[in-house]
Amino acid sequence: MQQFNEPNLITTSSDKLFNWARKNSLWPLQFGLACCAIEMMSTGMAHNDLDRFGAGFFAASPRQADVMIVSGTVSTKMAERMTRLYEQMPEPKWVIAMGVCAISGGPFLDGYSVLMGADRVIPVDVYVPGCPPRPEALIFGIMTLQKKIERDQQVGYEKPRPALVNEDGSINEYLPEREYGEISEGKAPRFDGIKPLKRTYVFERKGMPPAAQTDVGWVPKEVKKKLKEQEKAAKAAAENGDTKAEDEPAGETDGAKKDA
Amino acid sequence: MAVTLPEGDLGSRLERYLEGLRSRHGLEDSAIEGNVVRILTDPDSVPAVLTTARETLGVFHLSFITVVDRVGSFELTYELMDLRGASVRVKTVVEGTEPVVPTVTNIYPTANWHEREAYDMFGVAFRGHPDLRRTYMWQDHFDHHPLLKSFEISTKRTFEGLR
Amino acid sequence: MLGEQRPTEEEASALTEPATSRLMRPDVRDEFGLETIDMNMGPQHPAMHGLLRLILELDGETVVRCDPVMGYLHRCQEKIAENRMYPAVIPMTDRLDYFANMHNEHGYVLAVEDLLDIEVPPRAEYIRVLMCELMRLASHIPSIGFLMLELGAFTPILYAFRERERVQSIFEAVTGARMMFHYIRIGGVKADLPPEIPEQIWKFVENLEKNFKGDFVDLIEGNEIFISRTRGVGQLTQEKAVEMGLTGPPLRCTGVDFDIRIDYPYSVYPELTFDIVTDTAGDVEASYRVRIGECLQSIRIIKQCLEKIPEGAVMAELGRRIRPAEGEGFGRVESPRGEFAVHVVSDGSDTPYRVHYRDPSFVNMQLLQEIVPGHYLPDIMPIMGLVDPVSGGWDK
Amino acid sequence: MGTVLQYLDQEPFRFLLSFGAVLFLVLNLAAVLTMAERKVSGYIQLRYGPNRVGPRGLLQPAADVFKLFTKENVSPGRSDLWVFLGAPIAMFLPAAAVWLVIPFSPDAVIANINVAILFFIAITSIGALGVVMAGYGSRSTFSLLGALRGAAQMISYEVPLILSLLGVVMLSGSLSFVDVVAAQGDTFWTWYFLPLLPMFLTFYVSGIAEVKRVPFDLPEGESEIVGGFMIEYSGMTWALIQAAEFASMGLMSAITATLFLGGWQPPLPFLDLGAFNWIWFGFKTALIMFTFQWIRWSIPRLRMDQLMDLGWKVLVPITLIYLLIVAAAMLILQEVF
């Protein structure tokens, strides 16, 4: 089957169908952590009927759930269990961090057994602030997640995102402070002794994103070809160099990979 | 089936508890404050005092055991209630940083988890406890006893800090 | 880790014979030499009232060992309280037992007031009692719903949450929050009742009293299956209940008429007339009946409060800075689950030196390892309904 | 055109086509029933149920099905893979196959075999096998417990189910569904639910037990053993199990309607719709399905020992005694008339 690199008629229309189905049947995992669980339950109950959105089936087993609502404080002891539950859920899956405790640790931030936010161990899609959030807020969070799901694509990227590469080749995960400079400068006095940030190059990504920011599974064709050639070369070198010392070919292949 | 709770009015009952405990254990530092009989005893005679309280005087309910870390020594409070308005508060002070106290689980079975909690939070060991494990924290990944004063968490929020 | 002075195991067992030796059971094999199954229930389980983990040993469907494991919601409440100023601990107590927030606040505030030795205006006391009793309604009714949910009937929980939602809207009007109120303050309450609220509470209570029988009692008790699932399950004797230190409905369902509100009176409870609801059976059904009866008593108390509430200030004159003298304070309230006690130790500074919460869920849950063995696996759920623990309470 | 139709009416093609039609019907029935389930539960519980997807939420099952279609299919690492994957099929096929012998109307019956009742009993028993396969294959304590419960329950409740069918067989004197329906006549007081009232109730109760619904949903036990035998299933395998559950529920309602409520027969003679009599059949089936759902959302579930007590100590004796009564009555009536 042909592999699509860019969205086309087939993928976009199937995307539409699947995204419509996924967003309209978000089954949450029955996973109450703390106080927010009560408000989560209230959301499912008669007054704020979550079932209206097709999200009312609280699956007790993680195998049948689509979205995990992390409702409450995550302790370090629970974090391991939560990660396991997340891994048990089948793809595609989403996570809503409900309440400040799940976002950052909240009032228990400085506790010795409290995880500072669920996003330290599992990827979070939607954050719903509040302590606890009102049921309306949770419903809004679910609708936000629905909007996010609507934008999902099977192939291609949502938008070419800027990759931030520093002078020395390291990649910035977040936008550096300088990007927001215009907003903050002039309003609050800057402290002395702050060095200017390293120069940052911004690339418009087209077609091929830098390897560090793609998922592991996807390797562009050209790179695959290159890697194959390198492997062949390394094999040939190893066969030729059998008579030589055993360490050398290994070193060579490593070097070749590094170059790529 | 039936449990008979102590009878009589509050004042006479308090007197009875105080007298009963004093006559058997020779407690000097003991008094009645409000509806509470306050008793200070040494750690090794705690089980004896509590046995008297439960078996002879009929104070059936152990409400809680509080441990206070007085840096260098530990203060234990056993709060007993007779379920009819009077309380017996037994205090004891244990010296040392790794104290061992005799257990009271054979007198008040409900002390089981209270003592486990105290062990978890303060490292106070209870001699003869049937099941001394940690209640809250990891059994094997967490080597601290978090409520000790020597265990500090990052932020102390007071007026001094705000100014 | 703790040095040589600790006795070895043999020494310890020689010293005192543990009374709870029944906790340790030998390897159970039946006459065919078949082994038991180990089963791990929770922490993520629909019937575990939060994050409880039960390590079960099953012989077929019969439980032979039950070992509760806690700590999945340990939020360092006591340590954090040592690092906050006295008033700033109140919002943290809200998050202890999150079905009885008002009672937690009340217990802590009573302890601090015991330390400070201050008088609270009578109107504030009445408002506190009013709010606590509403909270009891908002806790007992869902707990009946949860009992039914765990037995397999899904519908009663929705009726229960409908009532809870109504109570929450009253709370929202009074305190500004649906769950985490921070309403009862040291020396009084945060704000007076809004003018239209007493009438609204009266209406709600009247309505609830009228519909209580139809919506809950008849729907649940009229069901043969409910009776057969709960009658005789989790049988408790009075000795057992007192020995295990139970309080609240699990104790009262055995017939011991102990209620902090009457036996260790606080606030304005001595001025109000109400009964202690007890039952003699001591099983799950009895605890359900006790909860139903307490709801009706709460309605009675709320009505009296609304009739008797005096005019006046709702906050005592206190300085901005609360700095009690060195000493100890105790506060004890009857929360929906039993005795909630707070022990505050002060060293004369802004922050408490030590705060200890005695939460009823924590103590009542010891019952599980005692009475679950011998029951069938599905009986664990009604027994959880009998104990009705809350995760935030037992884990602090 | 006519020749093509004639050709299609020949035996292998007719059967394959109609089997395809039945499969389509059963799968759709499952979807419709999930929707009905959610709506009925919504109205019982003072809420609306799904109402955002499509007109009045009617497209909700479509969304669910497409979502489950694209969901990852997880199998536990140490599971017995073939048994694990075979279980949903072993559950679904029996439920679908019995639909072949159900008479929708006098002419619309795919396979009018003369031992239809025997066929029904034989095929539905296979469903228990699927449950055991699922529980064994997924290698989890919860599923194993669920499977054991399921096997015990389904096999125990076969007995009162079959015994209560004997009454119908005795009255109608035939094992064919078409004959049974025809024997019941077109007036509602001659339908078998009145003369065989205890048997009708027994059949109804053990039917609920057979399709594993509340109060007999112990194999699933949502709040005890978290879904029981289906705890490890995800995506399409889970959807297939659900489809099997709903299909067998529909099947049980259809058979109850056929055997006791007169199948396609109208309640009164003047209501005869001729070729459209299948509407009566559909109406009766839907009515029984609704009562199943009504029960589902109203009452708690039984415990295993109570379930067994009900089956062996109440239902079996009642049916046996009533069977004797019916036999005696038939003999006496034959003598008299």
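## Quick look at the overall build of chain D
And step 1. The secondary structure content of chain D amounts to eleven helices and zero strands.
And step 2. For chain D, the N- to C-terminal ordering of α and β elements is α-α-α-α-α-α-α-α-α-α-α.
And step 3. The C-alpha radius of gyration computed for chain D amounts to 21 Å, which stays within 12% of the reference 20 Å derived for 337 residues, consistent with globular compactness.
And step 4. Principal-axis analysis of the C-alpha atoms gives chain D an extent of 70 × 60 × 45 Å.
And step 5. Taking contacts inside chain D between residues at least 6 apart in sequence as the whole, the part at least 24 apart equals 77%.
And step 6. When the accessible area of chain D is evaluated, it comes to approximately 14200 Å², of which 75% is carbon and sulfur surface.
And step 7. Here chain D contributes 18 positively and 21 negatively charged side chains, and the mean placements of these two sets differ by 12 Å.

## Some remarks on the interface of chain B and chain C
And step 1. Facing the 69 residues of chain B at the interface are 67 residues of chain C.
And step 2. Summed over both partners, the interface of chain B with chain C comes to about 6000 Å²; 56% of that surface belongs to carbon and sulfur atoms.
And step 3. Between chain B and chain C we count seven salt bridges in total.
And step 4. The partner of glutamate 79 of chain B in a salt bridge is arginine 332 of chain C, and the shortest N-O contact between them spans 2.6 Å.
And step 5. Put simply, chain B and chain C have 23 residue pairs in polar contact (both at pLDDT 80 or more) between them.
And step 6. When residues of the side of chain B that touches chain C are traced back to their parent elements, those giving at least two are strand 3 (61-70), strand 4 (73-81), strand 5 (87-95), helix 3 (111-122), strand 7 (125-127) and helix 4 (159-162) of chain B.
And step 7. The element contributing the most residues to the side of chain B that touches chain C is strand 3 of chain B, with ten residues.

## A closer look at the sheet that holds strand 6 (residues 327-335) of chain C
Residues and elements named next belong to chain C.
And step 1. Pairing within the open sheet is antiparallel, and its three strands lie in the order 6-7-8. Of all the strands in the sheet, just strand 6 and strand 8 (354-358) have a single pairing partner and so form its edges. If you compare each strand with its neighbour and ignore which way they point, the axes differ by 10° on average.
And step 2. In terms of strand pairing, strand 7 (residues 338-346) meets strand 8 through five bridges, oriented antiparallel. In the strand pairing of strand 8, valine 342 is matched with tyrosine 357.

## Observations regarding the pairing of strand 2 (residues 94-98) of chain A
Residue and element names in this part refer to chain A.
And step 1. A large share of strand 2 lies buried, amounting to five of its five residues.
And step 2. Both faces of strand 2 are covered, namely the face carrying Trp94, Ile96 and Met98 and the face carrying Val95 and Ala97.
And step 3. Chirality of the crossover, the property in question, places the unit of strand 1 (residues 67-71), helix 3 (residues 76-88) and strand 2 among those that are right-handed.
And step 4. Pairing analysis gives three bridges linking strand 2 to strand 3 (residues 126-128), with the strands arranged parallel.

## Quick word on the sheet that holds strand 3 (residues 62-69) of chain C
And step 1. Strand order in this open sheet of three strands is 1-2-3 (chain C), and the pairing throughout is antiparallel. Here the strands that pair on one side only, and so sit at the sheet edges, are strand 1 (37-41) and strand 3 of chain C. Shown here is a sheet whose adjacent strand axes are inclined to one another by a mean of 20°, direction ignored.
And step 2. Across the sheet, helix 6 (residues 141-172) of chain D lies against strand 1 and strand 2 (53-59) of chain C, angled at about 110° from strand 1 of chain C, the strand it touches most.

Parameters at a glance
Residues numbered from 1 in each chain as written. Chains lettered and ligands numbered in written order. Predicted model: local features only at pLDDT ≥ 70, side-chain atom pairs only at ≥ 80, totals over all residues. Heavy atoms only, no water. Helix = DSSP H or I, 4+ residues; strand = E, 2+ residues; numbered from the N terminus. Rg over C-alpha atoms; globule rule 2.2 N^0.38 Å. Contact = heavy atoms within 4.5 Å. Areas by Shrake-Rupley, 256 points an atom, 1.4 Å probe, with all protein chains shown as cover. Lys, Arg positive; Asp, Glu negative; His and termini not counted. Charge placed at Lys NZ, Arg CZ, Asp CG, Glu CD. Buried area = accessible area lost by both parts, 1.4 Å probe. Salt bridge = Lys/Arg side-chain N within 4 Å of Asp/Glu carboxyl O. Polar contact = N/O pair within 3.5 Å; in protein donor to acceptor, adjacent residues only side chain to side chain. Pairing = 2+ DSSP bridges. Axes fitted to C-alpha atoms, helices over the stretch in contact; angles between N-to-C directions. Buried < 20%, exposed > 50% of the residue type's maximum accessible area, 1.4 Å probe, protein only. Right-handed = clockwise from strand over helix to strand, strands pointing away.

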